[in-house]
Amino acid sequence: MTEKQDRDVEKVYSTEEFVAKLRRLADALESGERFEIQVAGERIYVPARAEFNVEHEREGDEEELEFQLKWRNR
């Protein structure tokens, strides 16, 4: 198996695109299936066993809210 390179990518989506991705994620979570998404040309497979958390950051007059999915590749 080929080792994957480290990566840190942030992709901006339109409201319609983001809503569609959130709907697909919610459907996958409800059905207990893995979630598939393509980000900046790479297809990502999020397993059903992934952990979820919400992170809030504030610095000066900027705020950030992140919905995170984390897992280890086996």
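Note that the structure is a prediction, hence the values are computed from the model and not measured. (Residues numbered from 1 in each chain as written. Predicted model: local features only at pLDDT ≥ 70, side-chain atom pairs only at ≥ 80, totals over all residues. Heavy atoms only, no water.)

Student: I would appreciate a short explanation of the overall build of the chain in the present structure.
Tutor: Of regular secondary structure, the chain possesses 1 helix and 4 strands. In terms of overall dimensions, the chain has a C-alpha envelope of 45 × 30 × 25 Å along the principal axes. For the chain, the proportion of contacts with a sequence separation of at least 24, taken over those separated by at least 6, is 23%. As displayed, the chain has an accessible area near 7,000 Å², and 46% of this comes from carbon and sulfur atoms. Taken together, the 13 basic and 20 acidic charged side chains of the chain have centroids lying 8 Å from each other. (Helix = DSSP H or I, 4+ residues; strand = E, 2+ residues; numbered from the N terminus. Contact = heavy atoms within 4.5 Å. Areas by Shrake-Rupley, 256 points an atom, 1.4 Å probe, with all protein chains shown as cover. Lys, Arg positive; Asp, Glu negative; His and termini not counted. Charge placed at Lys NZ, Arg CZ, Asp CG, Glu CD.)

Student: What is the right way to look at the layout of surface pockets in this model?
Tutor: Over the atoms rolls a probe the size of a water molecule, and its path tells where empty space is left. A volume near 1,800 Å³ is recorded for the largest pocket. Around the largest pocket, the lining comprises 36 residues; the ones closest to its centre are Val-9, Val-39, Phe-67, Leu-69 and Trp-71. Counting only elements with at least two residues in the lining of the largest pocket, the list comes to α1 (15-31), β1 (35-39), β2 (42-46) and β4 (62-70). When residues in the lining of the largest pocket are grouped by element, the largest group, 7 residues, is from β4. A breakdown of the residues in the lining of the largest pocket according to their chemical character gives 17 nonpolar, 4 polar and 15 charged. (1 Å grid on protein atoms, 1.4 Å probe; cavity = no way out; pocket = protein on both sides within 12 Å on 5 of 7 lines; lining within 4 Å. Points joined across faces, edges and corners; volume = space filled by probe spheres on them. Nonpolar A, V, L, I, M, F, W, Y, C, P; charged D, E, K, R; others polar.)

Student: For this particular structure, what's the right way to read empty space enclosed by the protein?
Tutor: Applying the stated rule across the entire model yields 1 cavity of 30 Å³ or more. For the largest cavity, the calculated volume is near 40 Å³. The wall of the largest cavity is formed by Leu-25, Ala-28, Leu-29, Glu-33, Phe-35, Val-46, Pro-47, Ala-48, Phe-52 and Leu-69. For the lining of the largest cavity, the element with the most residues is α1, which contributes 3 residues. Looking at side-chain class alone, the lining of the largest cavity contains 9 nonpolar, no polar and 1 charged residues.

Student: Is there a simple way to explain the packing of aromatic side chains in this structure?
Tutor: Under the defined criterion, the tally for this structure stands at 0 aromatic pairs. Directly above the aromatic system of Tyr-13 lies the positively charged group of Lys-11, at a separation of 5.4 Å from the ring centroid. (Phe/Tyr/Trp six-rings, centres within 6.5 Å; stacked < 30°, edge-to-face > 60°. Lys NZ or Arg CZ within 6 Å of the ring centre and 35° of its normal.)

Student: How should the environment of Leu-29 be read in this particular structure?
Tutor: Its place among the elements puts Leu-29 in helix α1. By relative accessible area, which is 43% here, Leu-29 ends up partly exposed. For the pair Leu-29 and Pro-47, spaced 18 residues apart in the sequence, the C-alpha separation amounts to 9.7 Å. (Buried < 20%, exposed > 50% of the residue type's maximum accessible area, 1.4 Å probe, protein only.)

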